[in-house]
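Analysis of the macromolecular model
What follows is each chain in one-letter form.
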Amino acid sequence: MTLSVAIQMDPIERIRIAGDTGFALMLEAQARGHSLYTYTPDRLSLRDGKVTAPMRPVTVRDVEGDHFTAGAEEKVDLSTLDVVLLRQDPPFDMAYVTTTHMLERIHPKTLVVNNPAEVRNAPEKIFVTHFPELMPPTLITRDRAEIEAFRDEHGEIVMKPLYGHGGATVFKTSRTDPNFGSLFDLFSNLFREPWVVQGFIKEVSEGDKRIILIDGKAAGAVNRVPAVGDLRANMVRGGAARPTDLSKKELEICEAIGPELSRRGLLLVGIDVIHGKLTEINVTAPTGVRAIKKLGGPDLAAQLFDVIEAKRAG
């Protein structure tokens, strides 16, 4: 089976291939003989019910600084493709949301991974609250009194913007932190949306585990250990990737949420677990696939394309 696969992504010239999951998927698709195209989300158009974008056919290679060759750009009707991989990075803003409305016009005739309507309906730091029994204490609000009451109850808390990504603008504060008022003012000026406030899990120093689920099944994991002096374990923030196995509790988390992920057509999902507590469910452009394979784990790009090909064949 040969598929036409387009990747909606940030400019391919700018990606850092060593840790880019989208690039891993492109390498796997090419190895299977599928044709590859790339386009950026700002080039999407919807006219008279038809969704198009100017695309470039590409070939890829795992060579830093020389990782692709692109052909001539051509306008393509996305409904004529077999698969679209939704892989641009957040922010999850109205521009991002608009692309999901456009891609919804072609799915599932053209298989969009992940299902664009469910990406839109499952913001990562809100969707996770469907499973409160699996989470640390969590509050979503802009109300200062609510945050202060939560802080008084839990002592040490972590604050992060609801639609933030990559560990940006994440703060830890405590009952007696004299900087709290300034942090609240800073957040109020920077962000219009509420914040996520969670009880601080001190075991984050031992790692923030990224677990990849493919079609609702636990497929592989990497433990991300924060750099000294930083509470953020994201690898783009200096976190170190370490091999890991899944604990009984982590497998139970995956089994609890997996059926809902599969039902929604969320085929590639990355969850974050700290000390047995689920903190996020990442559905937009989850990362970790390359790190897991480099550390001796399974080839998750191959597993995902097994699922994609089966769905297209069915």
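In what follows, the accompanying structure is described.

What counts and how
- Residues numbered from 1 in each chain as written.
- Predicted model: local features only at pLDDT ≥ 70, side-chain atom pairs only at ≥ 80, totals over all residues.
- Heavy atoms only, no water.
- Salt bridge = Lys/Arg side-chain N within 4 Å of Asp/Glu carboxyl O.
- Buried < 20%, exposed > 50% of the residue type's maximum accessible area, 1.4 Å probe, protein only.
- Helix = DSSP H or I, 4+ residues; strand = E, 2+ residues; numbered from the N terminus.
- Contact = heavy atoms within 4.5 Å.
- Polar contact = N/O pair within 3.5 Å; in protein donor to acceptor, adjacent residues only side chain to side chain.
- Expected span 1.5 Å × (residues − 1).
- Bend = angle between axes of the 7 residues up to and from the residue.
- Axes fitted to C-alpha atoms, helices over the stretch in contact; angles between N-to-C directions.
- Parallel < 35°, antiparallel > 145°, perpendicular 65-115°, else oblique.
- Left-handed = near helix turned anticlockwise from the far one by under 90°.
- Pairing = 2+ DSSP bridges.
- Core = buried A, V, L, I, M, F, W, Y, C linked by side-chain atoms within 4.5 Å.
- Phe/Tyr/Trp six-rings, centres within 6.5 Å; stacked < 30°, edge-to-face > 60°.
- Lys NZ or Arg CZ within 6 Å of the ring centre and 35° of its normal.

1. Side note on the pattern of salt bridges
- In total, this model carries 23 salt bridges according to the counting rule given.
- Residues E28 and R32 are paired through a salt bridge, measuring 2.6 Å at the closest nitrogen-oxygen approach.
- Residue class for E28 comes out buried when judged on its relative accessible area of 14%.
- For R32, a relative accessible area of 24% puts it in the partly exposed group.
- Residue D82 pairs with R312 through a salt bridge whose shortest N-O separation is 3.7 Å. Of this pair, D82 sits in the loop between β6 (74-77) and β7 (83-86) while R312 sits in helix α9 (residues 300-313), and the two are 230 residues apart along the sequence.
- Here R312 falls in the partly exposed class, since its relative accessible area comes to 26%.

2. Quick look at the side chain of E118
- Tracing the backbone through its elements, the reader meets E118 in helix α3 (residues 116-121).
- For E118, a relative accessible area of 17% corresponds to the buried category.
- The contacts of E118, once residues within four sequence positions are left out, are R264 and L266.

3. Structural notes on helix α2 (residues 94-104)
- The set of residues buried in α2 consists of Y96, V97, T99, T100, M102 and L103.
- Capping of α2 at its N-terminal end is provided by D93; its side-chain oxygen lies 3.3 Å from the backbone amide nitrogen of A95.

4. Digging into helix α7 (residues 248-263)
- End to end, α7 covers 24 Å across 16 residues, agreeing with the expected 22 Å (1.5 Å per residue, within 8%).
- The largest bend along α7 measures about 40° and falls at I257, with the proline P259 one to four residues further on.
- Three or more residues of α7 are buried, namely E250, I253, C254, I257, G258 and L261.
- The secondary structure elements touched by the buried residues of α7 are α4 (124-127), β13 (208-214), β14 (217-225), β16 (268-274) and β17 (277-282).
- Downstream of α7 by one or two residues, G265 has phi in the positive range, about 75°.

5. Side note on the packing of helix α1 (residues 21-31) against α9
- Between α1 and α9, the least distance of the axes is 9 Å, while the angle of their chain directions is 60°. With respect to α9, the element α1 is oriented oblique. α9 is crossed by α1, and the crossing has right-handed handedness. Mapping the contact onto sequence places A24, L25, E28 and A29 in α1 and A301, A302, L304 and F305 in α9.

6. With respect to the environment of L213
- With respect to the element layout, L213 can be found in strand β13.
- Taking the relative accessible area as the measure of exposure, L213 reaches 0% and is therefore buried.
- Non-local contacts of L213, meaning those with residues more than four positions away in its chain, are made with A218, A219, C254, I257, G258, L261, L267, L268, V269 and I271.

7. What to know about the sheet that holds strand β12 (residues 195-199)
- An order of β9-β12-β10-β11 is seen for the four strands of this open sheet, with the pairing classed as antiparallel. Where the open sheet ends on each side, the last strands, each with one partner, are β9 (138-141) and β11 (171-173). The sheet shows a mean angle of 25° between the axes of neighbouring strands, taken without regard to direction.
- Of the strand pairs in this sheet, β9 and β12 are connected by four bridges, and their pairing is antiparallel. Considered in β12, the bridge of T141 is made with W195.

8. A few points about the nonpolar core
- By size, the foremost hydrophobic cluster in this structure holds 40 residues, and its most contacted members are L78, I271, L278 and I281.
- Of all elements in the fold, only β2 (35-39), β4 (50-60), β7, α2, β13, α7, β16 and β17 reach the threshold of two or more residues within this core.
- With residues near it in sequence (within four places) discarded, L278 still touches V128, F131, L134, M135, P136, I253, I257, I271, D272 and V273.
- Counting residues in each nonpolar core, the second largest holds 35 residues, with F23, L25, L111 and V113 among its members.

9. Topic: the packing of aromatic side chains
- As enumerated under the stated definition, the model contains eight aromatic pairs in all.
- Measuring from ring centre to ring centre gives 6.1 Å for F127 and F131, while their planes differ by 75°; the resulting arrangement is edge-to-face. Exposure class is identical for F127 and F131. Each is buried.
- Aromatic pair F184 and W195: ring centres 5.1 Å apart, planes at 75°, arrangement edge-to-face. Taken together, the residues F184 in helix α6 (residues 180-190) and W195 in strand β12 connect sequence positions 11 residues apart. Accessibility assignment for this pair places F184 and W195 in one class, buried.
- Feature note: the residues F171, F180, F184, F187, F191 and W195 constitute an aromatic cluster, connected by ring pairs.
- Here R144 stacks its cationic end above the ring of F184, 5.3 Å away from the centre of that ring.
- Across from the ring centre of F200, 4.9 Å away, lies the NZ or CZ of K172, which sits over that ring.

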